[in-house]
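Topology and contacts: notes
Spelled out from the first residue to the last, the chains are:
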Amino acid sequence: MTISADSAAQESETRQGSAASEAVRKFGITVEDYMLPARHPIQMVSPDGTPNAHTEQGAQPGHEYGLPGDAELLAAYEELVVGRRVNDQNSALVRQGRMAVYPSSHGQEACQVAAALCLAEGDWIFPTYRDSVAVMARGVDPVQTMTLFRGDWHGGYDPARHKVGIQCTPLTTQLLHAVGVAHAAKLRGEDTVVLAMCGDGATSEGDFHEALNFAAVFHLPVIFFVQNNQYAISVPLAHQSVAPSLAHKAVGYGMAGERVDGNDLVALLAVLGRAVKLAREGSGPLLVEAHTYRMQAHTNADDATRYRQDSEVAEWLAKDPLTRMRTYLTERELLDDAGAARIADRAEAVAAQLREGLGEDVPVNPQDLLSYVFSTPTPQLKEQSAQLADELARDAAATSEESAR
């Protein structure tokens with residue numbers, strides 16, 4: 001059967017009209033107001049830790065958010081403290097030679113924590129290489145999370161068990177993986193939401209376009225969470241895009257976009273929480289851009305002083321998500337000295353677990369180099385495995401003979 005271009009366009013228009021009607025029904029606004037992000041990033045707590053009045057939150061009709069519950073805020077703050085301690089501990093472990101590389105998310109931890117905590121147990125998250133704190137906040141063992149960064153041959157944890165994709169080093173490929181999982185879940189009739197994390201640099205990649213377009217066309221429950229930390233390694237955002245914001249890119253694919261202060265944990269929980277709810281209810285994919293900053297170098301191999309000024313870093317230091325959230329909770333009398341001490345003790349315990357676990361020598365089996373390439377080994381792999389086994393046997397025999405002399 002042949003479908004004409006006119007009928008295909010009509011079908012697409014019908015689907016968009018249905019989505020528009022749903023948006024208008026839910027929020028009492030036009031579809032344009034629903035799809036376009038708020039004029040200013042949503043901010044519920046100011047950098048000094050004081051709550052913003054409703055009129056100062058950047059909200060407008062269709063972009064209004066309720067305050068997360070006290071228990072949710074305290075749980076998120078705890079993960080924030082643990083995440084900061086892990087970032088600092090891992091940076092030390094790299095200097096000690098116990099990790100090969102570590103892309104720190106110091107300063108971005110609020111994004112990481114909110115991304116993990118907004119999801120239900122059966123949902124999936126697909127992280128980047130900088131999202132270790134999000135992986136741990138989803139319940140993955142800290143040492144297993146860091147296995148990748150000490151140069152092991154595997155990712156360290158079982159993605160299917162935790163519903164956490166392996167941290168992706170290739171830029172943007174995880175977005176396509178996320179869309180594939182969401183499509184499969186929809187075909188099976190599963191109640192699954194997928195959150196795909198990326199940075200501002202990823203929005204310049206072709207995979208970004210393909211992932212968003214596929215998700216929109218097939219109306220998939222995916223949230224694309226862009227952590228705009230201002231730099232794609234050494235390239236500033238101004239040299240990547242001149243769009244009003246990265247969230248504005250959503251409308252070009254027929255999905256809703258939103259932007260939020262990425263150092264405001266309260267706003268992040270509210271915005272991502274609603275995005276998950278909308279996706280689960282069938283509103284299709286959404287794009288959320290968080291404005292944040294990478295306080296440290298891209299990795300330990302990077303010299304950030306070559307492309308940014310200390311004054312810029314100092315400006316963002318005053319917006320630190322950890323001190324902001326601590327002040328906010330303390331002023332609301334939700335966090336006292338005893339609670340802060342308990343959280344600090346847990347953070348130190350996780351740091352000690354990392355020191356101990358990453359300090360252990362891991363037994364190496366050279367055959368692992370060939371054992372996991374294909375589920376069914378090819379003739380070439382079998383031949384190479386036999387050659388390796390013979391070489392290992394000869395080395396062992398030579399060592400034994402040397403010892404006997």
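Our subject is the structure that appears above.
Small disclaimer: the values here were computed from a predicted structure and weren't measured.

Rules and cut-offs
Residues numbered from 1 in each chain as written. Predicted model: local features only at pLDDT ≥ 70, side-chain atom pairs only at ≥ 80, totals over all residues. Heavy atoms only, no water. Helix = DSSP H or I, 4+ residues; strand = E, 2+ residues; numbered from the N terminus. Buried < 20%, exposed > 50% of the residue type's maximum accessible area, 1.4 Å probe, protein only. Areas by Shrake-Rupley, 256 points an atom, 1.4 Å probe, with all protein chains shown as cover. Lys, Arg positive; Asp, Glu negative; His and termini not counted. Charge placed at Lys NZ, Arg CZ, Asp CG, Glu CD. Polar contact = N/O pair within 3.5 Å; in protein donor to acceptor, adjacent residues only side chain to side chain. Axes fitted to C-alpha atoms, helices over the stretch in contact; angles between N-to-C directions. Left-handed = near helix turned anticlockwise from the far one by under 90°. Contact = heavy atoms within 4.5 Å. Nonpolar A, V, L, I, M, F, W, Y, C, P; charged D, E, K, R; others polar.

**Quick look at the overall build of the protein**
Along the backbone of the protein there are 15 helices and seven strands. With the C-alpha coordinates of the protein rotated into their principal frame, the extents come out at 90 × 70 × 40 Å. A total of 405 residues make up the protein; the buried ones form 48% of that total. For the protein, the accessible area works out to roughly 19,500 Å², and carbon and sulfur atoms hold 53% of it. Considering the protein, the positive charge centre built from 33 side chains and the negative charge centre built from 54 side chains are found 1 Å apart.

**Comments concerning the side chain of Asn-228**
Here Asn-228 shows up in strand E3 (residues 222-228). Looking at Asn-228, the relative accessible area reads 1%, which means it is buried. In terms of polar contacts, Asn-228 uses its side chain to reach the side chain of Glu-289, at 2.9 Å.

**A look at the packing of helix H3 (residues 70-95) against helix H10 (residues 265-280)**
Where H3 contacts H10, the two axes come as close as 11 Å, and the packing angle between them is 115°. H3 and H10 meet at a crossing whose hand is right-handed. Across the interface between the two elements, Glu-72, Leu-73, Ala-76, Tyr-77 and Leu-80 from H3 touch Leu-265, Val-266 and Leu-269 from H10. Per-class residue counts for the contact of H3 with H10 are seven nonpolar, no polar and one charged.

Structural measurements only, silent on function.
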